[in-house]
Every structure is written in structure tokens, then in C-alpha cells.
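The lines below spell out each chain.
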Amino acid sequence: MARRCELTGKGVMTGNNVSHALNRTRRRFLPNLVNVTLISDALGRSVKLKVSAHALRTVEHRGGLDAFLLKADESELSTNAKALRKEIRAALAA
């Protein structure tokens with residue numbers, strides 16, 4: 001899954017470069033992706049993810065990776081994040 005945030009699903013957008021003469025050529029807007037290591041309190045280990053800078057701020061705002069994943073919509077998460085969410089739910093239930 002290249003150029004897509006694993007937590008929010010944010011990906012590449014397209015648009016136009018518009019010159020002074022109003023000539024339009026296609027361009028791509030790439031998301032600001034960062035490779036980060038986040039710590040899961042429930043699992044007691046760290047996890048490497050490719051996350052957008054916006055999602056990283058949201059994770060901190062919601063109180064950590066565990067709280068973010070439990071509150072996140074499943075359609076936005078990557079398969080890796082869905083598996084991590086399942087592990088966290090199992091660890092919290094035990």
C-alpha cells in the first residue's frame with residue numbers, strides 16, 4: 001500500500017497546475033507521510049506504521065494509538081492496522 005496513510009486512508013489527490021496563461025496540466029498532491037514507531041500500551045510493544053502527519057497529531061490528541069484504533073472507522077484502516085486493532089481488543093478483554 002504505497003503512498004497511503006495506514007490509519008486514516010489519506011492518499012494521493014490529483015489536480016491541475018494552472019499557468020498565468022491559464023494552461024492546465026495535470027499534477028499530483030502527495031500526502032505528507034512519515035514512518036513512525038508508535039507504542040501500544042495494551043500490547044506493551046512498539047509498532048512501525050506509515051502515517052500522515054495529520055493522523056499523527058490526531059493519535060496524540062485522542063490519547064495514543066490504542067484509543068485511536070478503537071475509535072477509528074474500520075473502512076479507513078489498512079489490513080495491518082485492522083490486525084493491530086484486533087490484537088488490542090483481545091488484550092483489553094483479557
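See the structure shown above.
The rules behind these values
Residues numbered from 1 in each chain as written. Predicted model: local features only at pLDDT ≥ 70, side-chain atom pairs only at ≥ 80, totals over all residues. Heavy atoms only, no water. Pairing = 2+ DSSP bridges. Helix = DSSP H or I, 4+ residues; strand = E, 2+ residues; numbered from the N terminus. Phe/Tyr/Trp six-rings, centres within 6.5 Å; stacked < 30°, edge-to-face > 60°. Lys NZ or Arg CZ within 6 Å of the ring centre and 35° of its normal. Core = buried A, V, L, I, M, F, W, Y, C linked by side-chain atoms within 4.5 Å. Buried < 20%, exposed > 50% of the residue type's maximum accessible area, 1.4 Å probe, protein only. Contact = heavy atoms within 4.5 Å.

Quick look at the pairing of strand β1 (residues 13–18)
In terms of strand pairing, β1 meets strand β2 (residues 24–29) through six bridges, oriented antiparallel. Bridge assignment links Asn 16 to a residue of β2, and that residue is Arg 26. In this structure, the hairpin formed by β1 and β2 is closed by a connection of five residues, where Leu 22 is found at a positive phi of approximately 65 degrees.

Here we look at the packing of aromatic side chains
What describes a pair of aromatic rings is the distance from one ring centre to the other and the angle between the planes of the rings. In the structure shown here, the tally under the stated rule is zero aromatic pairs. Note that Arg 27 overlies the ring of Phe 29, its terminal NZ or CZ placed 3.9 Å from the centroid.

Here we look at the nonpolar core
Of all hydrophobic cores here, the largest spans 17 residues; its most connected members are Leu 7, Leu 49, Val 51, Leu 65 and Leu 69. Sorting the residues of this core by element identifies β3 (33–40), β4 (45–52), α1 (53–62), α2 (65–71) and α3 (79–93) as the ones contributing at least two each. In contact with Leu 7, not counting residues within four places along its chain, are Leu 49, Val 51, Val 59, Leu 65, Phe 68, Leu 69, Glu 76, Leu 77 and Ala 81.

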